[in-house]
Amino acid sequence: MPEFNAPLRDMRFVLHEVFQAPNLWARLPALAETVDADTADAILEEAAKVTGGLIAPLNRSGDEEGAQWHDGVVTTPQGFKEAYATYTEGGWVGLSGNPEYGGMGMPKMLAVAFEEMLYAAGSSFALYSALSSGACLAIDAHASEELKSTYLPPMYEGRWAGSMCLTEAHAGTDLGIIRTRAEPQADGSYKVTGSKIFITGGEQDLTENIIHLVLAKLPDAPAGPKGISLFLVPKVMVGADGSLGERNAVSCGSIEHKMGIKASATCVMNFDGATGYLIGEVNRGLAAMFTMMNYERLSIGIQGIGCAEASYQSAVAYARDRLQSRAPTGPVAKDKLADPIIVHPDVRRMLLTMKAMTEGGRAFACYVGQQLDLAKYADDTDERQNAEALVALLTPVAKAFFTDTGLESCVHGQQVFGGHGYIREWGQEQLVRDVRIAQIYEGTNGIQALDLLGRKVVANGGAALRLFAAEVRAFAHDHEATYGALLLEALERLEAVSGWLLEQAKTEPNAVGAASVEYLHLFGYVAYAYMWARMAAVAQNKQAEDEAFYGGKLATAEFFFTRLLPRTLSLEASIRAGSQPLYGLAAEQF
Ligand SMILES: Cc1cc2nc3c(=O)[nH]c(=O)nc-3n(C[C@H](O)[C@H](O)[C@H](O)COP(=O)(O)OP(=O)(O)OC[C@H]3O[C@@H](n4cnc5c(N)ncnc54)[C@H](O)[C@@H]3O)c2cc1C
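Read on for a plain summary of the structure. (Residues numbered from 1 in each chain as written. Predicted model: local features only at pLDDT ≥ 70, side-chain atom pairs only at ≥ 80, totals over all residues. Heavy atoms only, no water.)

### A closer look at helix α6 (residues 80-89)
Counted only if it meets this: Partly exposed describes any residue whose relative accessible area lies between the buried limit of under 20% and the exposed limit of over 50%, with all areas from a 1.4 Å probe on protein chains only and scaled to the type maximum. Here a helix means four or more residues in a row that DSSP labels H or I, a strand means two or more in a row labelled E, and each is numbered from the N terminus. To obtain the arc, one takes the directions from the helix axis to the C-beta atoms. Should any heavy atoms of two residues lie within 4.5 Å, those residues are counted as being in contact.
Where α6 is concerned, the buried positions are F80, A83, Y84, Y87 and T88. Each buried residue of α6 lies within a common arc of 130° when the element is viewed along its axis, so the set occupies one face. Across from the buried face of α6, at angles greater than 90 degrees, the exposed residues are E82 and E89. Looking at the buried positions of α6, the neighbouring elements they touch are α4 (37-55), α5 (59-65), α7 (108-121), α8 (123-142) and α9 (145-157).

### Considering the packing of α7 against helix α11 (residues 345-377)
Any two packed helices are characterised by the angle at which their axes cross and by the distance between the axes. Worth spelling out the cut-off: Angles run from 0 to 180 degrees between N-to-C directions of axes, and those axes are lines fitted to C-alpha atoms, restricted for helices to the stretch in contact. The crossing is said to be left-handed when, going from far helix to near helix, the turn is anticlockwise and less than a right angle, and right-handed when the turn is clockwise.
At a minimum axis distance of 7 Å, the contact between α7 and α11 shows a crossing angle of 145°. Once α7 is placed against α11, the crossing between them reads as right-handed. Seen from α7, the contacting residues are K108, M109, V112 and E116; seen from α11, they are R362, A365, C366, G369, Q370, L372 and D373.

### Considerations on the packing of α7 against helix α10 (residues 285-321)
Heads up, the condition is: Small angles under 35 degrees read as roughly parallel and large ones over 145 as roughly antiparallel, with 65 to 115 read as roughly perpendicular and the rest as oblique. All amino acids are sorted into three groups, where Ala, Val, Leu, Ile, Met, Phe, Trp, Tyr, Cys and Pro are nonpolar, Asp, Glu, Lys and Arg are charged, and the leftover types, Gly among them, are polar.
α10 packs onto α7 with a crossing angle of 50° between their chain directions and a minimal axis gap of 7 Å. Relative to α10, α7 is oriented oblique. As α7 runs across α10, the sense of the crossing is right-handed. Where α7 approaches α10, its residues K108, V112, E115, E116, Y119 and A120 are matched on the opposing element by Y295, L298, S299, I300, I302, Q303, I305, G306, C307, E309 and A310. Of the residues assigned to the contact of α7 with α10, the class counts are ten nonpolar, three polar and four charged.

### What to know about the side chain of K108
The cut-off we apply is this: What qualifies as a polar contact is a pair of N or O atoms within 3.5 Å, subject to a donor-acceptor requirement within protein and to the restriction that residues adjacent in sequence count only when both atoms come from side chains.
With respect to the element layout, K108 can be found in helix α7. The exposure class assigned to K108 is buried, which follows from its relative accessible area of 9%. Within polar-contact distance, the side chain of K108 engages the side chain of E115 at 2.9 Å. Beyond its immediate sequence surroundings of up to four residues, K108 is in contact with E115, Y295, L298, G369, L372 and D373.

### Considerations on the pattern of salt bridges
Stated precisely, the cut-off is as follows: Here a salt bridge means any side-chain nitrogen of Lys or Arg lying within 4 Å of a carboxyl oxygen belonging to Asp or Glu.
Counted under the stated rule, the structure contains 33 salt bridges. With its nearest N and O atoms 2.3 Å apart, the salt bridge here joins R424 to D63. Here the residue R424 occupies a position in the loop between α12 (381-416) and α13 (428-436), and D63 occupies one in helix α5, the gap between them amounting to 361 residues. Judged by its relative accessible area of 4%, D63 falls in the buried class. Between R493 and E572 there is a salt bridge, with the nearest N and O atoms lying 3.0 Å from each other. One end of the pair, R493, is in helix α16 (residues 480-507); the other, E572, is in helix α19 (residues 567-576), and 79 residues separate them in sequence.

### Observations regarding the packing of aromatic side chains
Here is the rule: For Phe, Tyr and Trp, rings pair up if their centres lie within 6.5 Å, where Trp contributes its six-membered ring, and each pair is then called stacked (planes under 30 degrees apart), edge-to-face (over 60) or tilted (otherwise).
For the structure shown, the criterion picks out 29 aromatic pairs. Taking the centre distance of 5.6 Å and the plane angle of 75° together, the rings of F475 and Y530 count as edge-to-face. Within this pair, whereas F475 is found in helix α15 (residues 463-478), its partner Y530 is found in helix α17 (residues 511-542), the two being separated by 55 residues in sequence. F475 gets classed as buried once you look at its relative accessible area, which sits at 15%. Every member of this aromatic cluster is reached through a ring pair, and the members are F19, F364, Y367, F401, F402, F468, F475, Y519, F523, Y525, Y528 and Y530.

### Describing the state of the cysteines
Put simply, the test is: The term disulfide is used for any two cysteine sulfur atoms that are within 2.5 Å.
For the structure shown, the criterion picks out zero disulfides. Left unpaired, C252 is separated from the closest cysteine sulfur, that of C267, by 4.0 Å. Here C366 is not disulfide-linked; the sulfur of C307 is the nearest cysteine sulfur, at 20 Å. Classification of C366 by relative accessible area gives buried; the value is 3%.

### Focus on the site of the ligand
Test applied: In this text, near means that some heavy atom of the residue lies within 4 Å of the molecule or strand in question.
Neighbouring the ligand are 19 residues, the closest being M164, T167, T173, F198 and T444. T200 places a polar side-chain atom, nitrogen or oxygen, 2.7 Å from a nitrogen atom of the ligand. Only β5 (190-200) and α14 (445-458) provide two or more residues apiece to the shell around the ligand. Here the shell around the ligand takes three residues from β5, the largest share from any one element. A class-by-class count of the residues in the shell around the ligand yields ten nonpolar, seven polar and two charged.

### Focus: the pairing of strand β6 (residues 209-216)
In plain terms, the rule: Here, strands pair whenever DSSP counts at least two bridges between them.
The buried fraction of β6 is high, at eight of eight residues. Of the two faces of β6, both are covered, the one formed by N209, I211, L213 and L215 as well as the one formed by I210, H212, V214 and A216. In this structure, strand β3 (residues 160-165) lies alongside β6, joined through six bridges in parallel fashion. Its bridge partner lying in β6, M164 is registered against L213. Sheet topology places β6 next to strand β7 (residues 229-234); six bridges connect them, and they run antiparallel. The partner of H212 across the bridge, within β7, is V233.

### What about the side chain of S124?
Along the chain, S124 turns up in helix α8. Here A263 takes part through its backbone nitrogen, which lies 3.3 Å from a polar atom of the side chain of S124. When near neighbours in sequence (up to four residues on either side) are disregarded, S124 contacts I261, K262, A263 and S264.

Below you can see the structure in the form of structure tokens.
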């Protein structure tokens, strides 16, 4: 199993040089005191040690051993418990959490780099912490002061973990039809009854307590999504002084046996009149839960980038080493039996696709992180509102495009290894299995695409898209020499297709659903083109300082613009074919 080394130089390039994050932090009062360039670098270096030295070594054994269930008790693979204790001592769960309750208050622009390392080192391990951080965010945003001060500090410390309990056997995408019930009690608490499935980290042996955020309906709730409320349900009851008491009526009925992320416990959770506390307002639970779900959506997107980075690192090392056939231009390693496979055009195509998509994704994650930081910390109302609109628009793109292209990259990484990519030893097949789930959970990528086109573009007449497009257009005009013209052409394609879809949607009920996945991909390529144009502009200015690094960025930008961005042409053609070809068959003809 190859080592994972966090791509620190690339991460610093994105954070400091492309986005000049320290300048932004210095002008946002809430961040100015918390973080500067040196602090950020020190955190990234420490994160690289923790993820590469502590977590990555458990990834293969964790996959082979898997999480185990016996009589309601879940045991994580050997080494996880000790590693989780060391990990939480470093304060990583609360990296971007609220400092009032023990979080470190670090900006999201920095946290996304850490999350990428975490997923690259081990998706299963990462999930235990990601669910906790997301649960903290929802509690912080919507719970009462009493709940916040009782639950957040031990959660940020990592002594207690969080889980997200939405899915039921009959209700996955459509949460409006959940059956879990919450009965109000005289003391203001609720009795929660129902069964949830597929709950990540619903039970584990890493923490003293697990704080479940559960969607349920009150007896008189309206039908559908407007009747859902959110409850905090602890596994172990908590006294007024924060001490742990009796077990709550929550139990883990079983865990799933699955394709990948085998060390992450995916649990059936039974709530049998368990004591719960309302978070936010009655019947407004889905909106409150979206605070957690949006956090998790970006996080799960980053799982795609992390797995792709891990796969890329191994694939490059292998391609430099593996000797097969001679280069089409004549022998390169004349003293050897054959040339290293990195000479072959098709191997280069695969490696460059991985590199261009992973680095484009890393930059885009940082960009979305920047918008999240502005939405949270900017003083200026307009700046804050613009950032909020961009976060809403770009979150589904990040979740689905990072993970669709993350799988594509991991499959390329496996392919570079030939037959050795299919066997366990090299870790490539595990990455393919582990990254696959990221297209499915947190709302399938099909649902992300519907959210993007239906709710974030069509429903507001394209207003948020115009905001993003104005920024991209201004950059393209100012940087004609570094791919500005190609960026503009791609942006205009996205705008033209969007305009056409806005018209189609007025009269054709299937227009949005028929186009949405291709539309999200078209959007993703344009967003990455913006990122690559920004990276190329910096690299061109600095090429003389470090030819290997900045020249490499420029060569990868050239590959992206000439070999990958043209995919937008075929996406446009598919979209414009409309919904009719999807309905040429009756259901029984399939
Ligand atoms: C390993 C794992 C971990 C998970 N962790 C959690 C967790 O921690 N908490 C939690 O609550 N859930 C969790 N889930 C559940 C996950 O979020 C759901 O599986 C997912 O949202 C899809 O729901 P479903 O499986 O019911 O599929 P369905 O909703 O039945 O969808 C089936 C297919 O139909 C499509 N579809 C459905 N509706 C539409 C529509 N309106 N338009 C177009 N297409 C549609 C979907 O895109 C999908 O392709 C986890 C699942 C797994 C496998």
